[in-house]
2 protein chains.
Amino acid sequence: MRISELSRRAGTPVGTIKFYLRERLLPPGRPTNRNQASYGEAHVNRLRLIRTLTVMAGLDLSSVRLLLSAIENGRLPLAGLYRVMEAAVAADHRCTGGPEADAARTDVDALVDRMGWSLDQDAVSRRQLVEVLAALKRLGSTCEVDFFLPYAAAADDLVQGELDFVPAAPTNGERAAAVVRGLMFEVALTAMGRMAREHHVTRRFGPAAED
Amino acid sequence: MRISELSRRAGTPVGTIKFYLRERLLPPGRPTNRNQASYGEAHVNRLRLIRTLTVMAGLDLSSVRLLLSAIENGRLPLAGLYRVMEAAVAADHRCTGGPEADAARTDVDALVDRMGWSLDQDAVSRRQLVEVLAALKRLGSTCEVDFFLPYAAAADDLVQGELDFVPAAPTNGERAAAVVRGLMFEVALTAMGRMAREHHVTRRFGPAAED
């Protein structure tokens, strides 16, 4: 197909496609004459993937590039691929110290233990949870870790359902789908929490309009 | 206290404090002589709030400024304040069309109905969930909305617990704490999902190390 049809099929402006071609995020088409090239289904899929990663997941192009190359590196196990994905979206939390961080670390150890999770002590997500709980403690909002347990159990079920979609020996296309699913699930879960908050905050404290 | 003690108490470098003072994110101290000023507990708390919003929640300074002024605008109801908070962290999802978006809208209506949530048709979080489900459908990963129901129920419980911390007529300090708690809970929930994923992906597909 021509670039105009590719643009229509993938819902992406021609100028953006040309930019991705120049940036080598999208492989070149098959040249048909001096100024034209022909594109196939692989280009449509690749473009949809790039658009989902940028528009929906909010990644910048250098993160997209990194993630695409991790997807295509067949020697990188899935667990490593998800780490690349999480690094692309997660703010890197510096480790802070102090009594709040120590207490938070003990809380998180207890949660991990109760959930039966086997996790590296220095897993990024684990450190992230420690920092968040420490920040809450520093701001005077102490939360018992039990508070989060039902939620952790729901997340555990959901993640297992998410991974059921991934075949035992995924192709590159299936690895890409797994990453996108993981990212989209995270956005979906955050959105559902906000929907619940909007409902309950309005019910308890009244509607959002400023008098 | 002097700026050096303020720096130590709030765990923020003096240069950064001076920058916040110039940017008027932090009110000036009480002048003690031509080159010095004295700061109080309100400065410590404000600095900790700014640091949590930037370092932990990843907000840029213009979002922090917007959020601080929404916190301090006593006429803005809590529901409006949470909207400002969500707009500061959420990527703005353009509304797409097509059969996938229509189907996703029907799914989300069903979820909202099943949860008994009363929500504007154009609530940002609702549109976000529609766009995410549409993107999953476009990429060939169809998810029944039932799949997300147990999760939505857990999020609903957790948000109610979160709002239990907020008094009926919150002061500005309590409004700030409510916003920070909301943001930190979102990061905590995402972190727990990732911890669960790391555990299960390693168990099913092996460790992350390459070869």
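The model shown is predicted, which means the values in this text are computed figures rather than measured ones.

1. Some thoughts on the overall build of chain A
Part 1 of the argument: Each helix and strand counted, chain A has nine helices and two strands in total.
Part 2 of the argument: Ordered by position from N to C terminus, the α and β elements of chain A give α-α-β-β-α-α-α-α-α-α-α.
Part 3 of the argument: In terms of overall size, chain A is more extended than a compact globule, its C-alpha atoms giving a radius of gyration of 22 Å where 211 residues would be expected to give roughly 17 Å.
Part 4 of the argument: In terms of its C-alpha atoms, chain A occupies a principal-axis envelope of roughly 70 × 55 × 30 Å.
Part 5 of the argument: Within the span of chain A, comprising 211 residues, buried residues form 51% of the whole.
Part 6 of the argument: Counting only carbon and sulfur atoms, one obtains 51% of the accessible surface of chain A, whose full area is about 9700 Å².
Part 7 of the argument: Across chain A, the mean location of the 27 positive side-chain charges is 12 Å away from that of the 26 negative side-chain charges.

2. A few points about the relation of the copies chain B and chain A
Part 1 of the argument: Each copy of the sequence occupies a distinct position, and chain B is placed on chain A by a rotation of 180 degrees and an axial shift of 0.0 Å, giving an RMSD of 0.0 Å. In the structure described here, the two chain copies are related by an operation that fits a two-fold rotation axis. When C-alpha distances to the rotation axis are compared across chain B, the minimum falls at Ala154 of chain B, with a value of 3.2 Å.
Part 2 of the argument: Residue by residue, 100% of the interface of chain B is reproduced at the interface of chain A, so both copies engage with the same surface.

3. Some words on the packing of helix α8 (residues 149-164) of chain A against helix α9 (residues 172-205) of chain B
Part 1 of the argument: At a minimum axis distance of 8 Å, the contact between α8 of chain A and α9 of chain B shows a crossing angle of 45 degrees. By the angle between their axes, α8 of chain A is oblique relative to α9 of chain B. Considering only the axes of α8 of chain A and α9 of chain B, their crossing is right-handed. On α9 of chain B, the residues touching Tyr151, Ala152, Ala155, Asp156, Val159, Gln160, Glu162, Leu163 and Asp164 of chain A of α8 of chain A are Leu189, Met192, Gly193, Ala196, Arg197, His200, Val201, Arg203 and Arg204 of chain B.

4. Remarks on unusual backbone geometry
Part 1 of the argument: With phi around 60 degrees, Arg24 of chain A is a residue other than glycine that occupies positive phi space.
Part 2 of the argument: Within the secondary structure, Arg24 of chain A is located in the loop between α2 (14-22) and β1 (30-33).

5. Focus on the domain arrangement of chain A
Part 1 of the argument: We note that the domain assignment places domain 1 (1-56) and domain 2 (91-148) within chain A.
Part 2 of the argument: Relative placement of domain 1 of chain A and domain 2 of chain A: their C-alpha centres are 43 Å apart.

6. Here we look at the pairing of β1 of chain A
Residues and elements named next belong to chain A.
Part 1 of the argument: As paired strands, β1 and strand β2 (residues 36-38) are joined by three bridges and run antiparallel to one another. The partner of Asn33 across the bridge, within β2, is Gln36.
Part 2 of the argument: In this structure, the hairpin formed by β1 and β2 is closed by a connection of two residues.

7. Section: the packing of helix α7 (residues 124-138) of chain A against helix α3 (residues 41-56) of chain B
Axis angle and axis distance: for two packed helices, these are the angle between their axes and the distance between the axes, and together they describe the pair.
Part 1 of the argument: Orientation of α7 of chain A relative to α3 of chain B, taken along the N-to-C sense of each, is 165 degrees, at an axis distance of 11 Å. Of the possible angle classes, the one that applies to α7 of chain A and α3 of chain B is roughly antiparallel. Considering the relative orientation of α7 of chain A and α3 of chain B, their crossing is left-handed. Residue-level contacts link Glu131, Val132, Ala135 and Arg138 of chain A of α7 of chain A to Arg48, Thr52 and Met56 of chain B of α3 of chain B.

8. A closer look at the UniProt feature "domain: HTH merR-type" (unreviewed entry) in chain A
Part 1 of the argument: UniProt records the feature "domain: HTH merR-type" (unreviewed entry) at residues 1-70 of chain A, using the numbering of this structure.
Part 2 of the argument: Structurally, residues 1-70 of chain A is divided into 61% helix and 10% strand, and its ends, taken at the C-alpha atoms, are 28 Å apart.

9. Points about α9 of chain B
All names here are of chain B.
Part 1 of the argument: The end-to-end C-alpha separation of α9 is 49 Å, in line with the 50 Å expected for 34 residues at 1.5 Å each.
Part 2 of the argument: Across the 34 residues that make up α9, a large majority, 25, are buried.
Part 3 of the argument: A positive backbone phi angle near 90 degrees is found at Gly206, which sits one or two residues after α9.

10. Some points on the interface of chain B and chain A
Part 1 of the argument: Taken together, the contacts link 91 residues of chain B with 91 residues of chain A.
Part 2 of the argument: Between chain B and chain A we count 12 salt bridges in total.
Part 3 of the argument: Arg204 of chain B serves as the salt-bridge partner of Asp164 of chain A, at 2.9 Å between the closest nitrogen and oxygen.
Part 4 of the argument: When residues of the side of chain B that touches chain A are traced back to their parent elements, those giving at least two are α3, α5 (78-89), α6 (98-115), α7 (124-138), α8 (149-164) and α9 of chain B.
Part 5 of the argument: Considering each element in turn, the side of chain B that touches chain A owes the most residues, 25 residues, to α9 of chain B.
Part 6 of the argument: The class makeup of the residues in the side of chain B that touches chain A is 51 nonpolar, 19 polar and 21 charged.

11. Thoughts on the side chain of Thr12 of chain B
Residue and element names in this part refer to chain B.
Part 1 of the argument: With respect to the helices, strands and loops of the structure, Thr12 is situated in the loop between α1 (3-10) and α2 (14-22).
Part 2 of the argument: For Thr12, the side chain forms a polar contact with the main-chain oxygen of Ala10, separated by 3.1 Å.
Part 3 of the argument: The contacts of Thr12, once residues within four sequence positions are left out, are Ser7, Ile17, Tyr20, Leu47 and Arg51.

12. Examining the pattern of salt bridges
Part 1 of the argument: A full pass over the atoms with the stated rule returns 32 salt bridges over all chains.
Part 2 of the argument: In this structure, Arg105 of chain A and Asp102 of chain A form a salt bridge, with 3.2 Å as the shortest nitrogen-oxygen distance. One end of the pair is Arg105 of chain A and the other is Asp102 of chain A, both in helix α6 (residues 98-115) and three residues apart, which spans about a single turn.
Part 3 of the argument: Judged by relative accessible area, Asp102 of chain A falls into the partly exposed class, the value being 45%.
Part 4 of the argument: For Asp109 of chain A, the salt bridge is made with Arg126 of chain A, and the minimal N-O distance between the two is 2.7 Å. Taken together, the residues Asp109 of chain A in helix α6 and Arg126 of chain A in helix α7 connect sequence positions 17 residues apart.
Part 5 of the argument: A relative accessible area of 31% places Asp109 of chain A in the partly exposed class.
Part 6 of the argument: Put simply, Glu86, Glu162 and Glu186 of chain A together with Arg194 and Arg197 of chain B are held in one network by salt bridges that share partners.

The rules we used
- Along every chain, residues carry numbers that run from 1 in the direction the sequence is written.
- Think of it this way: whatever chain is written first is A, whatever ligand is written first is 1, and the rest follow in order.
- Residue-level local features of this predicted model are given only where pLDDT is at least 70; pairs of side-chain atoms are given and counted only at 80 or more, and the full residue set underlies all totals for whole chains, interfaces and linings.
- Each side-chain value is worked out from all heavy atoms of the structure, with water and hydrogens disregarded.
- Here a helix means four or more residues in a row that DSSP labels H or I, a strand means two or more in a row labelled E, and each is numbered from the N terminus.
- Our radius of gyration is a C-alpha quantity, and the globule rule it is checked against amounts to 2.2 Å times the number of residues to the power 0.38.
- Any residue under 20% of the maximum accessible area for its type is buried, any over 50% is exposed, and the rest in between are partly exposed; the area is computed with a 1.4 Å probe on protein chains only.
- Reported accessibility uses the Shrake-Rupley method at a 1.4 Å probe radius. Residues are deemed covered only where the shown protein chains occlude them.
- A residue counts as positive if it is Lys or Arg and as negative if it is Asp or Glu; His and the chain ends are not included.
- For the purpose of locating charges, the reference atoms are NZ of Lys, CZ of Arg, CG of Asp and CD of Glu.
- Least squares is used to superpose the copies, and the fit set is the C-alpha atoms of residues whose pLDDT is at least 70 in both copies.
- Should any heavy atoms of two residues lie within 4.5 Å, those residues are considered in contact.
- Whenever a helix is involved, its axis is fitted only over the stretch in contact; in every case the axis is a line through C-alpha atoms, and angles between N-to-C directions fall within 0 to 180 degrees.
- Should an angle fall under 35 degrees it is taken as roughly parallel, and over 145 as roughly antiparallel, whereas 65 to 115 is taken as roughly perpendicular and any remaining angle as oblique.
- We call a crossing left-handed when the near helix sits turned anticlockwise from the far one by less than a right angle, and right-handed when that turn is clockwise.
- Residue ranges for the domains originate in an automatic or database domain assignment.
- Two strands form a pair only when DSSP identifies at least two bridges running between them.
- UniProt positions are given in the numbering used here, feature names are shortened, and annotations may be inferred rather than shown by experiment.
- Helix span is expected to be 1.5 Å times the residue number reduced by one.
- Only one rule defines a salt bridge in this text: a Lys or Arg side-chain nitrogen within 4 Å of an Asp or Glu carboxyl oxygen.
- Throughout, the ten residues Ala, Val, Leu, Ile, Met, Phe, Trp, Tyr, Cys and Pro are labelled nonpolar, Asp, Glu, Lys and Arg are labelled charged, and all others, Gly among them, are labelled polar.
- Each polar contact in these results corresponds to two N or O atoms within 3.5 Å; when the atoms are within protein, one needs to be able to donate a hydrogen and the other to accept it, and residues that are neighboring in sequence are counted only if both atoms are side-chain atoms.

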